[in-house]
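Each chain is listed here by its residues.
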Amino acid sequence: MTAPWQRSFLDFAGPGIDRPSDMLRVTDDEAADILAKLVAQAWSTQLPTRSLQNSGYTIRHTRAGFNTALFRVGRIVGFYAGSYLWISAEHRGKGLSTPLILAAAEQRGGSIMPPGVVLQGYTPAGLAAHRKAHRHAILEATERIIPGRVRTPGAADFVRLRLAGATR
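For the structure given in this document, a descriptive report is provided here. Every chain's residues receive numbers from 1 upward, in the order its sequence appears when written. The predicted origin of the model limits local features to residues at a pLDDT of at least 70 and limits the giving and counting of side-chain atom pairs to 80 or more, whereas totals for whole chains, interfaces and linings rest on all residues. Heavy atoms throughout the structure, all of them, feed into the side-chain values; hydrogens and water do not.

## Digging into the overall build of the protein chain
Line of reasoning, step 1. In terms of regular secondary structure, the protein chain is built from five helices and four strands.
Line of reasoning, step 2. Among the 168 residues that make up the protein chain, the fraction classed as buried is 44%.
Line of reasoning, step 3. Residue contacts are defined here by distance: any two heavy atoms, one from each residue, within 4.5 Å place the two residues in contact. For the protein chain, restricting intrachain contacts to residue pairs at least 6 apart in sequence, the fraction spanning at least 24 positions comes to 56%.
Line of reasoning, step 4. Of the roughly 9200 Å² of accessible surface on the protein chain, 53% is carried by carbon and sulfur atoms. Strands are runs of DSSP state E lasting at least 2 residues, helices are runs of H or I lasting at least 4, and numbering of each runs from the N terminus. Accessibility here uses a 1.4 Å probe with only protein chains present; expressed as a share of the type maximum, an area under 20% marks a residue as buried, one over 50% as exposed, and anything in between as partly exposed. Areas reported here follow the Shrake-Rupley algorithm with a probe of radius 1.4 Å; residue values treat only the protein chains shown as occluding.

Shown next, in the form of structure tokens:
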């Protein structure tokens, strides 16, 4: 299995990065429909996620399919279901998209593209969240491989070019 940091951003996020649009935003009605389906799913135990440690949030995958959800007090407050990423308004702005995106990517073999999906759309904010998550994965890998390197200028570029072969 390939880790997210081992992929270029294009391979991590897919060709939809070239045309972000606000028209691709998940509406609250769409999110409610997806949530209704997710609530009925069987879920794995919580994933070990250092970035959520002691925050009251957990991340879990469905036992079948390629859905990942963010839980708070046993309730789903965000999800990456198929190609839809959504976090409830009251939980946005807390840095939760990065661990959610990376957990979904790890479940899907290092890319956020679910099996069978060849093009995923992004809003400008969604694209920025995916870029941030990918960069975070690269920086974490850099810190594990070369301790102290992550704090130097250009560390993400170094790893992206040297280890992941990324150009985009």
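## Remarks on helix H2 (residues 28-39)
Line of reasoning, step 1. Here the expected length of a helix is defined as 1.5 Å per residue gap, with one fewer gap than residues. With twelve residues, H2 should cover 16 Å at 1.5 Å per step; its first-to-last C-alpha distance of 16 Å lies within 8% of that length.
Line of reasoning, step 2. Where H2 is buried, its residues contact strand S2 (67-72), strand S3 (75-81) and strand S4 (84-87).

## Some remarks on the pattern of salt bridges
Pairing between side chains of opposite charge can happen when the charged atoms of each approach one another.
Line of reasoning, step 1. By salt bridge we mean one thing: a side-chain nitrogen of Lys or Arg within 4 Å of a carboxyl oxygen of Asp or Glu. Inspection of the entire model under this criterion finds two salt bridges.
Line of reasoning, step 2. The salt bridge involving Arg 75 is made with Glu 90; its shortest N-O contact spans 3.8 Å. With Arg 75 in strand S3 and Glu 90 in the loop between S4 and helix H3 (97-107), the pair connects residues that are 15 residues apart, well separated along the chain.

## Notes on the pairing of strand S1 (residues 57-61)
Line of reasoning, step 1. Extensive coverage of S1 is indicated by the burial of four of its five residues.
Line of reasoning, step 2. Two strands are said to pair when DSSP picks up at least two bridges between them. Where S1 and S2 come together, five bridges link them in antiparallel fashion. Bridging from a neighbouring strand, Tyr 57 pairs with Arg 72 of S2.
Line of reasoning, step 3. Counted between consecutive antiparallel strands, the loop separating S1 from S2 contains five residues, among which Gly 65 sits at a positive phi close to 90 degrees.

## Some thoughts on the packing of H3 against helix H4 (residues 124-145)
Line of reasoning, step 1. In the contact formed by H3 and H4, the axes pass within 9 Å of each other and the chain directions differ by 75 degrees. Taken together, H3 and H4 sit at an angle that is classed as roughly perpendicular. Facing H3, whose interface residues are Ser 97, Thr 98, Ile 101 and Leu 102, H4 presents Ala 129, His 130, Lys 132, Ala 133, His 136 and Ala 137.
Line of reasoning, step 2. Residues are grouped as follows: nonpolar covers Ala, Val, Leu, Ile, Met, Phe, Trp, Tyr, Cys and Pro; charged covers Asp, Glu, Lys and Arg; every other residue, Gly included, is treated as polar. In terms of residue class, the contact of H3 with H4 is made up of five nonpolar, four polar and one charged. Working convention: axes come from line fits to C-alpha atoms, limited for helices to the stretch in contact. Angles between N-to-C directions cover 0 to 180 degrees. Working definition: roughly parallel below 35 degrees, roughly antiparallel above 145 degrees, roughly perpendicular at 65 to 115 degrees, and oblique for all remaining angles.

## Some thoughts on a negative patch on the surface
Line of reasoning, step 1. Surface patches are drawn from residues lacking salt bridges whose relative accessible area is over 30%; two like charges belong together within 9 Å, two nonpolar side chains (Val, Leu, Ile, Met, Phe, Trp, Tyr) within 5 Å. By the counting scheme adopted, Arg and Lys are positive, Glu and Asp are negative, and His together with the chain ends is not counted. Charge positions come from single atoms, namely NZ of Lys, CZ of Arg, CG of Asp or CD of Glu. A contiguous patch of negative charge, built from Asp 28, Asp 29, Glu 30 and Asp 33, is present on the exposed surface.
Line of reasoning, step 2. Here Asp 28 is to be found in helix H2.
Line of reasoning, step 3. Judged by its relative accessible area of 57%, Asp 28 is exposed.

## Some details on the pairing of S3
A regular strand places its side chains so that they alternate between the two faces of the sheet.
Line of reasoning, step 1. Among the seven residues in S3, six count as buried, and that is most of the element.
Line of reasoning, step 2. What sits between the antiparallel neighbours S2 and S3 is a turn of two residues, in which Val 73 has the positive phi angle 50 degrees.
Line of reasoning, step 3. The loop that links S3 with its antiparallel partner S4 comprises two residues; one of these, Gly 82, has a positive phi angle of about 60 degrees.

## What to know about unusual backbone geometry
Line of reasoning, step 1. Non-glycine residue Val 73 carries a positive phi angle of around 50 degrees.
Line of reasoning, step 2. Tracing the sequence through the fold places Val 73 in the loop between S2 and S3.
Line of reasoning, step 3. A residue is classified by how much of its surface remains accessible, and Val 73, at 76% relative accessible area, is exposed.

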